[in-house]
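# Structural description and commentary
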Amino acid sequence: MEPLTEQQIRASFVNCTKGEAGRLSLPRGLAELPWEHLDFLGWRDQGAPDRAYLVAPAEDGPVGVTLRVPTVRRSSLKSNLCSLCLTSHTGTGVALLAARRAGAAGREGSTVGTYVCADLACSLYVRGRKRTASAERVAESLTLEEQIARTVANVDAFLAQVLRG
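This structure is a prediction, so every number in the text was calculated from the model and none was measured.

### Some details on the sheet that holds strand β2 (residues 51-56)
Taken in spatial order, the five strands make up an open sheet running β1-β2-β3-β6-β7, and their pairing is antiparallel. Single-partner strands in this sheet number two, and they are β1 (41-44) and β7 (111-117). With direction set aside, neighbouring strand axes in the sheet form an average angle of 30 degrees. Against the sheet, helix α5 (residues 144-163) engages β2, β3 (63-68), β6 (94-100) and β7, with an angle of about 80 degrees to β3.

### As for the pattern of salt bridges
Enumeration according to the criterion identifies six salt bridges in this entry. When the shortest N-O distance is used, the salt bridge between Arg 100 and Glu 20 registers 3.5 Å. One end of the pair, Arg 100, is in strand β6; the other, Glu 20, is in helix α2 (residues 18-23), and 80 residues separate them in sequence. Taking the relative accessible area as the measure of exposure, Glu 20 reaches 33% and is therefore partly exposed. Across the pair Arg 68 and Asp 50 runs a salt bridge whose closest N-O atoms are separated by 3.4 Å. Of the two residues, Arg 68 is situated in strand β3 and Asp 50 in the loop between β1 and β2; the sequence distance between them amounts to 18 residues.

The rules behind these values
- Position numbers for residues start from 1 in each chain and track the written sequence from start to end.
- Note on the predicted model: pLDDT of at least 70 is required for a residue's local features to be given, and 80 or more for side-chain atom pairs to be given and counted; whole-chain, interface and lining totals, by contrast, use all residues.
- Here the side-chain values reflect all heavy atoms present in the structure, with hydrogen atoms and water set aside.
- Pairing between two strands is assigned when DSSP locates at least 2 bridges connecting them.
- Runs of E in the DSSP output that reach at least two residues are strands. Runs of H or I that reach at least four are helices, and both are numbered from the N terminus.
- The convention used is that axes are lines fitted to C-alpha atoms, helices contributing only their stretch in contact, and that angles between N-to-C directions extend from 0 to 180 degrees.
- Should any heavy atoms of two residues lie within 4.5 Å, those residues are considered in contact.
- Salt-bridge detection follows one rule: a side-chain nitrogen of Lys or Arg within 4 Å of a carboxyl oxygen of Asp or Glu.
- Whether a residue is buried, partly exposed or exposed follows from its accessible area with a 1.4 Å probe, protein chains only, as a fraction of its type maximum: under 20%, in between, or over 50%, in that order.

Structure follows, in structure tokens:
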């Protein structure tokens, strides 16, 4: 992923107002992020643990969505699977993230959700640059490039659902 500026990130959001996008907190150390290893930029709001954000590259420029994280407690004994990168996590390592749909549907309360790595570090898990606390990625017959392509396709499919307002 190409590095993004603060203005590019804030302008990318499709499911919130410009005012809301202007007030959201950006990830710390934006310039130092491992951009070359990211397929999308995802982060949790440090000041509001029930909020997360995802910005992905697209043909017409980056597309960003605001996400809500429910405060549901999950069993620390069960493993859960991220629907974007297919990384297995135990406990709270996977969270249901819900995005308000873009446009009129979103203004009427319509949302779409998916289970995602709670820290939104899918790109780093796929590449083996980050490991889960107690569960490992399942060995796959796909090449790394194919796994990355699958993750990107899953992110694109999720964003397409959000944009179908």
